[in-house]
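Here is what each chain is made of, one letter per residue.
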Amino acid sequence: MGEMHWFFQENNHLPQNQKIFVSERFTENGQAIDWEIRAVSAAELQKLEDADGVCVAAVVFPDLKEKGLLESYEADDATMLLKKMLTPVEYYRLLAASKILNGYQERKQQIKEKAKN
């Protein structure tokens, strides 16, 4: 077995979930409610069609599939819900945080560094 145990599934952990600020419009006692996002595995990412899918898959809280929330915004699915809930700037904030947590920004920075050299 040797050093291969480092790669076993039980030793493989995605980045920890993060609480992020998305909007000042959702508050409790005057304080903005943080959203919680998670990293998306490569297997999950392969099933997603676009950036909207990454956002939906990454959001842990609020639960975008909760029936009452969907009905409140008259949304058929979580993708439509996000688009109805958030302003363009808020959506971009969520997308950017999801990309950072999933390592896209690191890869972009590496490409820029290679181009400079």
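Given the structure is predicted, the values throughout are model-derived calculations rather than measurements.

Visitor: For the overall build of the protein chain, give the residues involved together with the corresponding values.
Guide: Along its length, the protein chain carries six helices and five strands. Here the protein chain holds 117 residues, and 28% of them are scored as buried. Across the protein chain, the fraction of contacts at a sequence separation of at least 24, relative to all contacts at a separation of at least 6, is 48%. Total accessible area computed for the protein chain in this model is approximately 8,700 Å², and 52% of it derives from carbon and sulfur atoms.

Visitor: Provide a residue-level description of the side chain of Glu90, including the pertinent values.
Guide: Structurally, Glu90 can be placed in helix H5 (residues 88-101). The class of Glu90 is buried, set by a relative accessible area of 3%. Look past the residues within four positions of Glu90 in its chain and what remains in contact with it is Val22, Ser23, Arg25 and Met85.

Visitor: Any details on the nonpolar core? Residues and values, ideally.
Guide: Among the nonpolar cores identified, the biggest contains 26 residues, and Trp35, Ile37, Leu82, Met85, Leu86 and Leu94 are the most heavily contacted of them. The element contributing the most residues to this core is H5, with five residues. Ignoring sequence-local partners within four residues, the contact set of Leu94 consists of Ile20, Val22, Trp35, Ile37, Cys55, Val59, Leu82 and Leu86.

Visitor: Could you give an account of the side chain of Asp52, with specific residues and numbers?
Guide: Relative to the assigned elements, Asp52 resides in helix H2 (residues 51-58). Accessibility expressed as a relative area gives 15% for Asp52, which makes it buried. With residues up to four places along the chain from it excluded, the contact list for Asp52 reads Thr79, Lys83 and Tyr91.

Basis of the calculations
- Residues numbered from 1 in each chain as written.
- Predicted model: local features only at pLDDT ≥ 70, side-chain atom pairs only at ≥ 80, totals over all residues.
- Heavy atoms only, no water.
- Helix = DSSP H or I, 4+ residues; strand = E, 2+ residues; numbered from the N terminus.
- Buried < 20%, exposed > 50% of the residue type's maximum accessible area, 1.4 Å probe, protein only.
- Contact = heavy atoms within 4.5 Å.
- Areas by Shrake-Rupley, 256 points an atom, 1.4 Å probe, with all protein chains shown as cover.
- Core = buried A, V, L, I, M, F, W, Y, C linked by side-chain atoms within 4.5 Å.

Geometric descriptors of this kind do not, in isolation, establish any biological role.
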